[in-house]
Amino acid sequence: MTRGGQGLARVAVVVRAGAAPLWWLGVVAAGAGAFVPGLTGLRIGALGGAALFLVAAAVVALTRRGRYRALARAAARAGRNDVLQDRAVTARNWRRAHRWWLLLVFLAALGSAWAAPVAAGLLLAGCGAGLWLKAAWIGRLERADDVLLWVRVDWLKSAGRPTGRTVKAYRTTGIAAGDAAPGGARRKLTTAA
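These lines cover the structure that appears in this document, whether it is placed above or below. Counting restarts for each chain: residues are numbered from 1 in the order of the written sequence. Local features in a predicted model are, by the rule used here, given only for residues with pLDDT of at least 70; side-chain atom pairs are given and counted only at 80 or more, and totals for whole chains, interfaces and linings are based on all residues. To obtain the side-chain values, all non-hydrogen atoms of the structure were included, while hydrogens and water were left out.

1. Quick word on the packing of aromatic side chains
Part 1 of the argument: Here the aromatic set is Phe, Tyr and Trp, taking the six-membered ring for Trp, and pairing holds for ring centres within 6.5 Å; pairs whose planes are under 30 degrees apart are stacked, those over 60 apart are edge-to-face, and all others are tilted. Applying the stated criterion across every chain, the model contains three aromatic pairs.
Part 2 of the argument: Taken together, a centroid distance of 6.2 Å and an interplanar angle of 70° make the contact between W23 and F53 edge-to-face. A residue pair is termed long-range when its members are at least 10 positions apart, and W23 in helix α2 (residues 19-33) and F53 in helix α3 (residues 42-62) qualify at 30 residues.
Part 3 of the argument: Overall, the relative accessible area of 25% leaves W23 in the partly exposed class.
Part 4 of the argument: A ring pair is formed by Y68 and W137, whose centres lie 6.3 Å apart and whose planes are at 80°; its orientation type is edge-to-face. With Y68 in helix α4 (residues 65-73) and W137 in helix α7 (residues 119-145), this pair connects stretches of sequence that are 69 residues apart.
Part 5 of the argument: Taking relative accessible area as the criterion, W137 reaches 7% and is therefore assigned buried.
Part 6 of the argument: Here a set of aromatic residues connected by ring pairs shows up, and it is made of W23, F53 and W132. Helix and strand assignments follow DSSP, with helices taken as H or I runs no shorter than four residues and strands as E runs no shorter than two, numbered in order from the N terminus. Burial classes: relative accessible area under 20% of the type maximum marks a residue as buried, over 50% as exposed, and values in between as partly exposed (1.4 Å probe, protein chains only).

2. A few points about unusual backbone geometry
Part 1 of the argument: In this model, V118 sits at a positive phi of 75°, which is unusual for a non-glycine residue.
Part 2 of the argument: One can find V118 in the loop between α6 (99-111) and α7.
Part 3 of the argument: Judged by relative accessible area, which is 11%, V118 ranks as buried.
Part 4 of the argument: Non-glycine residue D146 carries a positive phi angle of around 55°.
Part 5 of the argument: Assignment of secondary structure puts D146 in the loop between α7 and β4 (148-152).

What follows is the structure, given as structure tokens:
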């Protein structure tokens, strides 16, 4: 396997790409569900939804951490000919590959409001919050080792699983590479005073 000429996407950006859509679709579905009486009633639906939010955020944030750590420990330095994908391109590719799935879960969350108002919307929002927490955790890993973690674009099945079976290893660059800060957030531009 050659080390050059591969397209690389930031691991934290791939993880973070689904956070905003899931969060906002969940908030909208929960808000719409608040106007539906439902079978369980609003109070029970909201309490159940709050519990689902916390459980989903914790599960999503904590799953597969061992795999992330193992891939990060075995990461090789990126080659001179590797191409670093922009943050916006990575996020757009993930969202485009998952748009129908996002629409389906949103419609399911809206439809489930007839049974338990607000609950499924808060579950979706919890998944989004969990992805943000996981990306922040990856950012702490990156800062601790003073590197940024990258994954080959061709190993990302449907542009979205940085710990999937097709991912064999990560690559690393210096902390200043690319246009995203550790954790995948947009890099803040500093201006000279």
